[in-house]
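Results of the structural survey
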Amino acid sequence: MTFAVILLGVFGLSSSFSSATQMGLSDKVLVFPYETDFSFVALIPQKEMGLRAFTLCMRVATELPEERQIILFAYRTADFDELNVWREKDGRVSFYMSGDGCFFHLPPLTTFRSSLCLTWESRTGLAAFWVEGKRSTYQVYKPGHIIRPKGSVILGQDPDKHLGGLEAVQSFVGEVTDVNMWDYVLSRSMIQAWHYGHKVPKGNVFDWATLEYEVNGNVLVVDDD
Amino acid sequence: MTFAVILLGVFGLSSSFSSATQMGLSDKVLVFPYETDFSFVALIPQKEMGLRAFTLCMRVATELPEERQIILFAYRTADFDELNVWREKDGRVSFYMSGDGCFFHLPPLTTFRSSLCLTWESRTGLAAFWVEGKRSTYQVYKPGHIIRPKGSVILGQDPDKHLGGLEAVQSFVGEVTDVNMWDYVLSRSMIQAWHYGHKVPKGNVFDWATLEYEVNGNVLVVDDD
Amino acid sequence: MTFAVILLGVFGLSSSFSSATQMGLSDKVLVFPYETDFSFVALIPQKEMGLRAFTLCMRVATELPEERQIILFAYRTADFDELNVWREKDGRVSFYMSGDGCFFHLPPLTTFRSSLCLTWESRTGLAAFWVEGKRSTYQVYKPGHIIRPKGSVILGQDPDKHLGGLEAVQSFVGEVTDVNMWDYVLSRSMIQAWHYGHKVPKGNVFDWATLEYEVNGNVLVVDDD
């Protein structure tokens, strides 16, 4: 797969290697069965992602070893990694908005599903991860920053780390489900409700139940049991 | 103990070292008190084990050190290890069907009893372990494969790893109980029900309560307290 | 920032770098966003701190690495560290009253909030930490000792470790909330009630809801969500 094809996939255009756009993933899980530099799922947001705040939630499980870098979420515009979420080589979980990142010590990702949310607000810069509904310590990260719109979101790969191709050693292997995103910070009680599978306001950027998505490469869409 | 005698034991024939066949292990635990190359329990299935899917469950506890290989379940036909479940030297839990295995990072087996299930389905190849009712990440393993019938199942030893004898260093030491097997994949809710000791459909391959078995060597059948 | 200015801050006098005294922190959290040698919060006690017994409680979260020394609470009079609470380099939690300390092995402080209480009584010397409402083993520490009054309490820095300045490498980074202190030992049931956020007698030395405090340097007062 060449860089050109990657970009087509990343930016939501059809390519000979990608499936047609599909809708809705209620009670479904995305399984990335092995390491590749070509398997990913593009997510089409419901609204432009010019964001001054957000809550991003997902449930994720992986068998990858602790010292392996893993991309968990990638939102990229033409020139910037607008919002990338990583599990770092040293085990920390991090996110990056157009430059240096913000790092958290969280319980390790394991073969069992973890519920993971990330909240950030431009006004104060307060950023936190939430694991199983419990908030990490706040960090102050890029107060005043605005995430740019008109980019593309993908799961499974870091779309542009090196010119000319995706990197298998950064790819996601495992399962991801219930990816939801809001353009505001959910309260503690809402995040806990989401963690326990209770009713919460639907994600207005991404709503797993009605999500428009496009599978590329080898990714299985399986029933959640 | 010679290889000939081992094979007699393994394949369910009577030998001078094995007890007569017995029935039913309700509220009983098998205790393998120390490392041997001759102690095992043969399990006689209720139906032929030509399997396109299965669920295998057991409760298991061991004091063996983490870096010790341990056989947890062995089903062998004349020429193949049809279904072997291991705790590997590196701590992972694995299973093998006629060749290369499939490896999972699970919480360690300890001196406290763990409930462990394994599910696999030929159609998709989806394989997972379930620890305390929680599913591991799915792996895709040998889609289309069929487990062959007319073999023998034993607990406590790997029957044919090396021609000429069993290996003490692979033997099981500890307690095992509640071994059940179905020729289909149980749902999450059924596996959780089994974990909590609630009523579930009886295993149609092995049902601990009515299990036909044969003790060989030094294995204690004790009341579960 | 010079030593003189620090002392002004520590001893509750106004300085050009410190905010005016404020009252009450109900539903607020103090966020110390990064390592400094100048950020701290001075707490003004409701009564003189000549103490023959006490209960000190707080909720605390930190991202600091395990091998990093962290000051958690510091009460100093002119010549003595009257009551300092530390997370030590070796991970133990300790407290010191005018000299050698008393060390406890507790679960590690993490990015998630821990509830931490410390009780001590002069008559018996019985000292214990309480984590999430569970008591550590008692230790006998300085029976007969009396904590001296007319000092100052600060959070975030160790005020006098080295003449001429605070040490960034001992500073607190993270979140602290719900700091309460009583001049007697609360019962187990009261400490558990406090842990769960239930109603308990208001702290008569410090009561978070009505606390008089003074922010110095870069400390955020944010809503607890």
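Residues numbered from 1 in each chain as written. Chains lettered and ligands numbered in written order. Predicted model: local features only at pLDDT ≥ 70, side-chain atom pairs only at ≥ 80, totals over all residues. Heavy atoms only, no water.

Going by what an unreviewed UniProt entry lists, chain A is known as Pentraxin family member and is assigned to Channa striata. Looking at chain A in UniProt, the text filed under Sequence similarities (unreviewed entry) is "Belongs to the pentraxin family." (UniProt positions renumbered as here; feature names shortened; annotations may be inferred.)

Some remarks on the overall build of chain A
A count of helices and strands for chain A gives 2 helices and 16 strands. Accessible surface, chain A: about 8900 Å² in total, of which carbon and sulfur atoms supply 54%. (Helix = DSSP H or I, 4+ residues; strand = E, 2+ residues; numbered from the N terminus. Areas by Shrake-Rupley, 256 points an atom, 1.4 Å probe, with all protein chains shown as cover.)

Some words on the packing of aromatic side chains
For the structure on display, the rule yields 23 aromatic pairs over all chains. Ring pairs connect the aromatic residues Phe 54, Phe 95, Phe 104, Trp 120, Phe 129 and Tyr 141 of chain A, which therefore count as one cluster. Of note, Lys 134 of chain A hangs over the ring of Phe 112 of chain C, and the distance from its end group to the ring centre comes to 4.6 Å. Over the ring of Phe 80 of chain B we find Arg 148 of chain B, and its NZ or CZ is 3.9 Å from the ring centre. (Phe/Tyr/Trp six-rings, centres within 6.5 Å; stacked < 30°, edge-to-face > 60°. Lys NZ or Arg CZ within 6 Å of the ring centre and 35° of its normal.)

What about the pairing of strand β10 (residues 126–131) of chain C?
Residues and elements named next belong to chain C. Across the 6 residues of β10, 5 count as buried, placing the element largely inside the fold. Here strand β9 (residues 114–121) folds back onto β10 in antiparallel fashion, the turn holding 4 residues, of which Gly 125 has a positive phi close to 80°. When β10 meets strand β12 (residues 139–140), the two strands line up antiparallel, connected through 2 bridges. Residue pairing across strands places Ala 127 opposite Gln 139, the latter belonging to β12. Where β10 and strand β11 (residues 134–135) come together, 2 bridges link them in antiparallel fashion. Note that in β11 the partner of Val 131 across the bridge is Lys 134. (Buried < 20%, exposed > 50% of the residue type's maximum accessible area, 1.4 Å probe, protein only. Pairing = 2+ DSSP bridges.)

What to know about the relation of the copies chain C and chain A
Aligned on chain A, chain C shows an RMSD of 0.0 Å; the corresponding rotation is 90° and the shift along the axis is 0.5 Å. The operation mapping one copy onto its partner corresponds to a four-fold rotation axis. Every residue of chain C has its C-alpha some distance from the rotation axis, and the shortest such distance is that of Pro 107 of chain C, at 9.9 Å. (Least-squares fit on C-alpha atoms with pLDDT ≥ 70 in both.)

Remarks on the interface of chain B and chain A
Listed per partner, the contact involves 16 residues of chain B and 14 residues of chain A. When chain B packs against chain A, close to 1300 Å² is buried across both sides, 54% of that on carbon and sulfur atoms. The salt bridge involving Arg 135 of chain B is made with Glu 175 of chain A; its shortest N-O contact spans 2.7 Å. Linking chain B to chain A there are 4 residue pairs in polar contact (both at pLDDT 80 or more). Put simply, the parts of the chain that give the side of chain B that touches chain A at least two residues each are β8 (101–104), β10 (126–131), β11 (134–135) and β12 (139–140) of chain B. If one sorts the elements of the side of chain B that touches chain A by residue count, β10 of chain B sits on top with 3 residues. Here the residues of the side of chain B that touches chain A sort into 9 nonpolar, 4 polar and 3 charged. (Contact = heavy atoms within 4.5 Å. Buried area = accessible area lost by both parts, 1.4 Å probe. Salt bridge = Lys/Arg side-chain N within 4 Å of Asp/Glu carboxyl O. Polar contact = N/O pair within 3.5 Å; in protein donor to acceptor, adjacent residues only side chain to side chain. Nonpolar A, V, L, I, M, F, W, Y, C, P; charged D, E, K, R; others polar.)

Brief notes about the state of the cysteines
Residues and elements named next belong to chain A. One pass over the structure, following the stated rule, counts 3 disulfides over all chains. Disulfide partner of Cys 57: Cys 117, at an S-S distance of 2.1 Å. Disulfide Cys 57 to Cys 117: torsion about the S-S bond roughly 110°, handedness right-handed. Note that Cys 57 is positioned in strand β4 (residues 53–61) and Cys 117 in strand β9 (residues 114–121), a separation of 60 residues in sequence. For the pair formed by Cys 57 and Cys 117, the shared burial category is buried. Note on Cys 102: no disulfide assigned, nearest cysteine sulfur contributed by Cys 117 at a separation of 16 Å. (Disulfide = S-S within 2.5 Å.)

Describing the sheet that holds strand β15 (residues 212–216) of chain A
Residue and element names in this part refer to chain A. Taken together, the 8 strands give an open sheet; going across it, the order is β1-β15-β3-β13-β5-β6-β7-β8, and neighbouring strands pair in antiparallel fashion. Each end of this open sheet is capped by a strand with a single partner; those strands are β1 (22–23) and β8 (101–104). Bridge count between strand β3 (residues 40–44) and strand β13 (residues 152–155): 3 bridges; the pairing is antiparallel. Along β13, the bridge assignment pairs Leu 43 with Val 153.

A closer look at the interface of chain C and chain A
Between chain C and chain A, the contact holds 15 residues from the first and 16 residues from the second. In this assembly, chain C packs against chain A so that about 1300 Å² is buried in total across both faces, 54% of it on carbon and sulfur atoms. Area buried by chain C at its contact with chain A is led by Glu 63, Phe 112 and Asp 225 of chain C, which between them contribute 53% of it. Put simply, chain C and chain A have 5 residue pairs in polar contact (both at pLDDT 80 or more) between them. Looking at the side of chain C that touches chain A, the elements with two or more residues in it are β14 (174–182) and β16 (220–223) of chain C. Its residues placed into classes, the side of chain C that touches chain A shows 6 nonpolar, 4 polar and 5 charged.

What to know about the pairing of strand β5 (residues 70–76) of chain C
Residues and elements named next belong to chain C. Burial within β5 is extensive, with 7 of its 7 residues counted as buried. Examined bridge by bridge, β5 and strand β6 (residues 81–87) share 6 bridges and lie antiparallel to one another. Bridging across to β6, Ile 71 finds its partner in Trp 86. In terms of strand pairing, β5 meets strand β13 (residues 152–155) through 3 bridges, oriented antiparallel.

Description of unusual backbone geometry
Not every positive phi belongs to a glycine, and Lys 142 of chain B is a case in point at roughly 50°. Tracing the sequence through the fold places Lys 142 of chain B in the loop between β12 and β13 (152–155). Here the phi dihedral of Lys 150 of chain C falls at roughly 65°; this positive angle occurs in a residue that is not glycine. Relative to the helices and strands, Lys 150 of chain C resides in the loop between β12 and β13.

With respect to the sheet that holds β13 of chain C
Taken in spatial order, the 8 strands make up an open sheet running β1-β15-β3-β13-β5-β6-β7-β8 (chain C), and their pairing is antiparallel. The open sheet has two free edges, formed respectively by β1 (22–23) and β8 (101–104) of chain C, since each of these has just one partner strand.

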